[in-house]
Amino acid sequence: MSPSVPLQEMIRAIRSARTQCEERGVIQRECAAIRAQFRQADNGGRSHNLAKLLYVHMLGYPAHFGQMECVRMIASPRYSEKRVGYLGAMMLLDEKQDASLLITNSIKNDLSHSNQYVQSLALCTLACMGSAEMCRDLAPEIDRLLRASNSYIKKKAALCAVHIVRKVHDLGELFAPAARSLLAEKNHGVLHGAVVLIIELCERNPETLERFRKTVPDLVQIMKGLVLSGYSPEHDVAGISDPFLQVRILRLLRILGHNNEGASDAMNDLLAQVATNTDSTKTVGNAVLYETVLTVLDIKSESGLRVLAVNILGRFLLNNDRNIRYIAMTSLQKIVGTDHNAVQRHRGTIVDCLKDQDASVKRRALELSLALVSASNVRSMMKELLLFLSSCPAELKAHAASGIFNAAERYAPSQRWHIDTILHVLTTAGGDVRDETVPNLIQLITNASELHCYTVHKLYRALLTDISQQSLVQVACWCIGEYGDLLLRGECQETEAVQVTEDDVLDALETVLQSHMSSPGPLTACLSLHHFTTASRIRSIVSIYGSCIDVELQQRAVEYNALFKKYDHMSLFPPPVCGFPQVCDLLDLLGGSEETLQPSPAVGAPAPGLLINTASTAGGDLLDLLGVLEPAPLAPAPTVPVYEKDGVTLTLSCEKQSDTGLTVTLTASNSTDSDISSFTLQAAVPKLYLSLAGPFLAASHYIKSFLLQVNLKMRVRISYTSQGSAFQDTVQIDSFPGLDAAGQ
Amino acid sequence: MQFMLLFSRQGKLRLQKWYVPLSDKEKKKITRELVQTVLARKPKMCSFLEWRDLKVVYKRYASLYFCCAIEDQDNELITLEIIHRYVELLDKYFGSVCELDIIFNFEKAYFILDEFLLGGEAQETSKKNVLKAIEQADLLQETKEQKVKLSILH
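The structure displayed is predicted, hence computed values, not measured ones.

Observations concerning the overall build of chain A
Stage number 1. The helix and strand inventory of chain A stands at 31 helices and nine strands.
Stage number 2. Of all 744 residues assigned to chain A, the portion counted as buried reaches 56%.
Stage number 3. Relative to all contacts within chain A whose residues are 6 or more apart in sequence, the contacts with residues 24 or more apart total 67%.
Stage number 4. Only carbon and sulfur atoms are counted for the fraction: they give 50% of the accessible area of chain A, which is about 31400 Å².

Points about the overall build of chain B
Stage number 1. For chain B, the helix and strand inventory stands at five helices and seven strands.
Stage number 2. Listing each helix as α and each strand as β along chain B from the N terminus yields β-β-α-β-β-β-α-α-α-β-β-α.
Stage number 3. In terms of its C-alpha atoms, chain B occupies a principal-axis envelope of roughly 60 × 35 × 30 Å.
Stage number 4. Looking at the 154 residues of chain B, the share that counts as buried comes to 62%.
Stage number 5. Considering only intrachain contacts with a sequence separation of at least 6, the fraction spanning at least 24 residues in chain B is 47%.
Stage number 6. For chain B, the computed accessible surface area is about 6800 Å², with 53% contributed by carbon and sulfur atoms.

Side note on the interface of chain A and chain B
Stage number 1. Listed as interface residues are 72 residues of chain A and, on the opposing side, 67 residues of chain B.
Stage number 2. Carbon and sulfur atoms make up 57% of the surface buried where chain A meets chain B, a total of about 6200 Å² over both sides.
Stage number 3. Glu115(B) is paired through a salt bridge with Lys156(A); the nearest N and O atoms lie 2.8 Å apart.
Stage number 4. Between the two partners, chain A and chain B, sit 26 residue pairs in polar contact (both at pLDDT 80 or more).
Stage number 5. Looking at which element gives the most residues to the side of chain A that touches chain B, the answer is helix α9 (residues 151–167) of chain A, with seven residues.
Stage number 6. Across the side of chain A that touches chain B, the residue classes break down as 33 nonpolar, 16 polar and 23 charged.

Let's talk about the confidence of the model for chain A
All names here are of chain A.
Stage number 1. Looking at chain A, the pLDDT average stands at 79 and 82% of residues meet or exceed 70.
Stage number 2. Within the model, pLDDT remains below 50 along residues 570–635, and this stretch shows 135 contacts once partners closer than five positions in the same chain are excluded.
Stage number 3. For the stretch residues 688–710, pLDDT sits under 50, and the model shows 80 contacts to residues farther than four places along the chain or on other chains.

Concerning the confidence of the model for chain B
Residue and element names in this part refer to chain B.
Stage number 1. Averaged over chain B, the pLDDT score is 91; the fraction of residues at 70 or greater is 93%.
Stage number 2. Averaged over each element, pLDDT in chain B is lowest for helix α5 (residues 127–153) (77) and highest for strand β5 (residues 64–70) (97).
Stage number 3. Low pLDDT, under 50, characterises residues 148–154; the predicted model gives this stretch one contact beyond four residues in sequence or across chains.

Some thoughts on the sheet that holds strand β2 (residues 13–18) of chain B
All names here are of chain B.
Stage number 1. As summarised here, the arrangement of the five strands in space is β2-β1-β5-β4-β3, forming an open sheet in which the pairing is antiparallel. Of all strands in the sheet, those with a lone pairing partner are β2 and β3 (48–51), marking the two edges. The average undirected angle you get between the axes of adjacent strands in this sheet is 20 degrees.
Stage number 2. Bridge count for strand β4 (residues 54–61) against β5 is seven bridges, and the pairing is antiparallel. Within β5, the residue paired with Tyr58 across the bridge is Cys67.
Stage number 3. The strands that helix α4 (residues 106–116) touches are β1 (3–8) and β2; relative to β2, the one it contacts most, it runs at about 35 degrees.

Some thoughts on the packing of helix α6 (residues 104–111) of chain A against helix α8 (residues 132–147) of chain A
All names here are of chain A.
Stage number 1. At a minimum axis distance of 11 Å, the contact between α6 and α8 shows a crossing angle of 5 degrees. Overall, the two elements α6 and α8 adopt an arrangement that is roughly parallel. Taken together, the residues of α8 that come into contact with α6 (itself represented by Thr104, Ile107, Lys108 and Leu111) are Met134, Asp137, Leu138, Glu141, Ile142, Arg144 and Leu145.
Stage number 2. Classifying every residue of the contact of α6 with α8 by side-chain character gives six nonpolar, one polar and four charged.

Section: the pattern of salt bridges
All names here are of chain A.
Stage number 1. Taken as a whole and assessed by the stated rule, the structure comprises 41 salt bridges over all chains.
Stage number 2. Across the salt bridge formed by Glu30 and Lys52, the nearest N and O atoms sit 3.9 Å from each other. In this pair, Glu30 sits in helix α2 (residues 20–39) while Lys52 sits in helix α3 (residues 46–58), placing the two residues 22 residues apart along the sequence.
Stage number 3. Accessibility expressed as a relative area gives 19% for Glu30, which makes it buried.
Stage number 4. According to the relative accessible area criterion, Lys52 is buried, its value standing at 14%.

So, the side chain of Ser120(A)
Stage number 1. You can see Ser120(A) is positioned in helix α7 (residues 116–129).
Stage number 2. Overall, the relative accessible area of 5% leaves Ser120(A) in the buried class.
Stage number 3. Among residues more than four places away in sequence, those in contact with Ser120(A) are Tyr152(A), Ile153(A), Lys156(A) and Glu115(B).

With respect to the environment of Asn187(A)
All names here are of chain A.
Stage number 1. Turning to its location among the elements, Asn187 is positioned in the loop between α10 (172–182) and α11 (188–204).
Stage number 2. Owing to a relative accessible area of 25%, Asn187 belongs among the partly exposed residues under this scheme.
Stage number 3. For the pair Asn187 and Asp110, spaced 77 residues apart in the sequence, the C-alpha separation amounts to 24 Å.
Stage number 4. Within the local environment of Asn187, its side chain forms a polar contact with the backbone nitrogen of Gly189, the two atoms lying 2.7 Å apart.
Stage number 5. Within the structure, the side chain of Asn187 is placed 3.0 Å from the backbone nitrogen of Val190, a separation counted as a polar contact.

About the cut-offs
- Residues numbered from 1 in each chain as written.
- Chains lettered and ligands numbered in written order.
- Predicted model: local features only at pLDDT ≥ 70, side-chain atom pairs only at ≥ 80, totals over all residues.
- Heavy atoms only, no water.
- Helix = DSSP H or I, 4+ residues; strand = E, 2+ residues; numbered from the N terminus.
- Buried < 20%, exposed > 50% of the residue type's maximum accessible area, 1.4 Å probe, protein only.
- Contact = heavy atoms within 4.5 Å.
- Areas by Shrake-Rupley, 256 points an atom, 1.4 Å probe, with all protein chains shown as cover.
- Buried area = accessible area lost by both parts, 1.4 Å probe.
- Salt bridge = Lys/Arg side-chain N within 4 Å of Asp/Glu carboxyl O.
- Polar contact = N/O pair within 3.5 Å; in protein donor to acceptor, adjacent residues only side chain to side chain.
- Nonpolar A, V, L, I, M, F, W, Y, C, P; charged D, E, K, R; others polar.
- pLDDT = per-residue confidence, 0-100.
- Pairing = 2+ DSSP bridges.
- Axes fitted to C-alpha atoms, helices over the stretch in contact; angles between N-to-C directions.
- Parallel < 35°, antiparallel > 145°, perpendicular 65-115°, else oblique.

Here it is as structure tokens:
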């Protein structure tokens, strides 16, 4: 076909423009000329003009003024003009444009044109950009073409029908009969189109699927013909006869065999044949094998066939071609839940793929590796995963870290291993872990009481080596503050003894402070250490930061200084424990029965701190209330009703027993005529509820419980049975008699 | 298939075929981002990538990238074969095709594509038949034009 000279000249002109500005100038001139031409009468050069406009459009310039020209050209009797007109329609007129409706009539006419190439244009355009309305309009035409035309048109009509069904689902019914009869055709193009159409119909309508199940034997025959036939030059691709058609048929078989024993049986032999006979040295063979494997794994295949399929995937994993390894892992991912053991057999190769250069392959390998972690292989898998984490691409780090945490939590063989693993992650990828990692880790450490010594030593050492990982530093500072005595004591069962002096520890904390991280963690750690160590150096550190530029640090330092001055005599406080607002549910009742108190409880508070392990330790010392440190005059405790309903009354009174304890007495009474049984009362207070002046939580997610003020809140749930019915109610108590609003 | 893009190593678009209805603005955005993503990949890397919620299959032939976005259930490996078949068709038609051929005869590249794929699916699996059809259509175009020229002369 001779090239369009005017078009090529314009292209040359545009390309020779040296700057963007120059190019725009050329384009503007050309567009003006095109516009002028459009307005003129028919001059035989219309197709060239439109082609020019389409080129300009592809460069990214606006071309909407050509839409009407497309409509005109499509209606032209000249094939050259129709051809470019339809091309223009596909490029400029999508279904959202109003002008697209204007071509419906032209398409309709052209569908019945005497020349098949004109028909072809119409079919192609309809299948590319036909709107739902156009599809509804022209569906009967397409159906007619599906039945009574030559192969060239039939194959196109079939794919056009696919588009119609995608746009207007109900029209599927219309095409089902024609689709069925097309399966008897010999022409590969028509067969291919028919299979695509049937797939579409079956996916959308389960009844249609049922009806098409009967075609399984026919499909098996066709496949057999393709696989076993001799060399067919027309359809051969590297020794495979029409791989495109094979892949389609396999997909249809998958849909028909899914969840159906009968259909699956009928295709079993064929699938085995394809799986064993297909040459896998080239991509095209692997494409067919891939589709076969997907089909085998998705239907009710025999176990032998299934094993064969997984083995093929295993072979794919060892293939030199990265693409093949990638799709192998994608497929294995799909079946790792159902055929876990089979996939486990290939764990070694999968783990090797973690070291692949390609990020896509790495990602797949990571997903699969995480899915393959189990109790029996967790130690070795974790080693590999941690190794991977230290060198993995940035975009995978967060996912890898959280995957590792999940796996560690599920399968940790020991607490020490668990802590070590988390620490390792924090050291390598601390910046990519989620926020709740820090409180979770703190919780874990606290729970592992035998390991406190080991943990604090380890964290101290980690702090000495590297202070760049924020989360690690936070945890380390907290730990040092918490278990500083164990650190200073020097001996430790699990690691080598290291002599750590107070000065060493304070040096480390100071280094952190100086590294501009503006986290109050180290300061707070200093505060805690206050009672393990001699106070003077700590006080000097803290007071220096009283004039720090960072507002937060300054504020804390000043507050802590105040504490030091005020509570100098309290240097021998028992070590306070800390809790985390995120981990515990503030003001939510703790689920479960750990907090059940006896009716009419008297809650004593032996220590000024709070314990945090609610889930693991039961017992009555869970609801220690925060101590109030200021001695207050003991006034007679008033009693206030806090709940009254259906004859059940709860009254509350508070009494300060000592400087550090508060007793809350809840009295329940029944004023109804009938007895109340199974009465339980549960009360919860926030684990940690502070209102120190100024923001206290900031970047660190843990808090020390030295408080000057307490706002006490309590939520009480009662449940009881009365007259055969069960009752349950919840009440929140915000103010306590005897305490003022500030809880003093 | 949702769409196919052909672009040069400098990111210039040479062909775009969209099989899903999207606004011009969306098309431009997708094109820009996808082109950037694909160009950023190193030579030995996998031909498949997950981009947004699509599977993208791409392959470089000389200075042109052929990039297809397929649906989740589509076979990536056969898509590579489809790309390869298209390149073979272009090669046969233009005789050892190069990027310039596609630039200066872009409308023909489209005509060939439209004879191979319809509505995003392969319509003809025989290379010979696709080329024959194009040949016939080209002939029709020539004949008709000549007919027109003759009528003007008289």
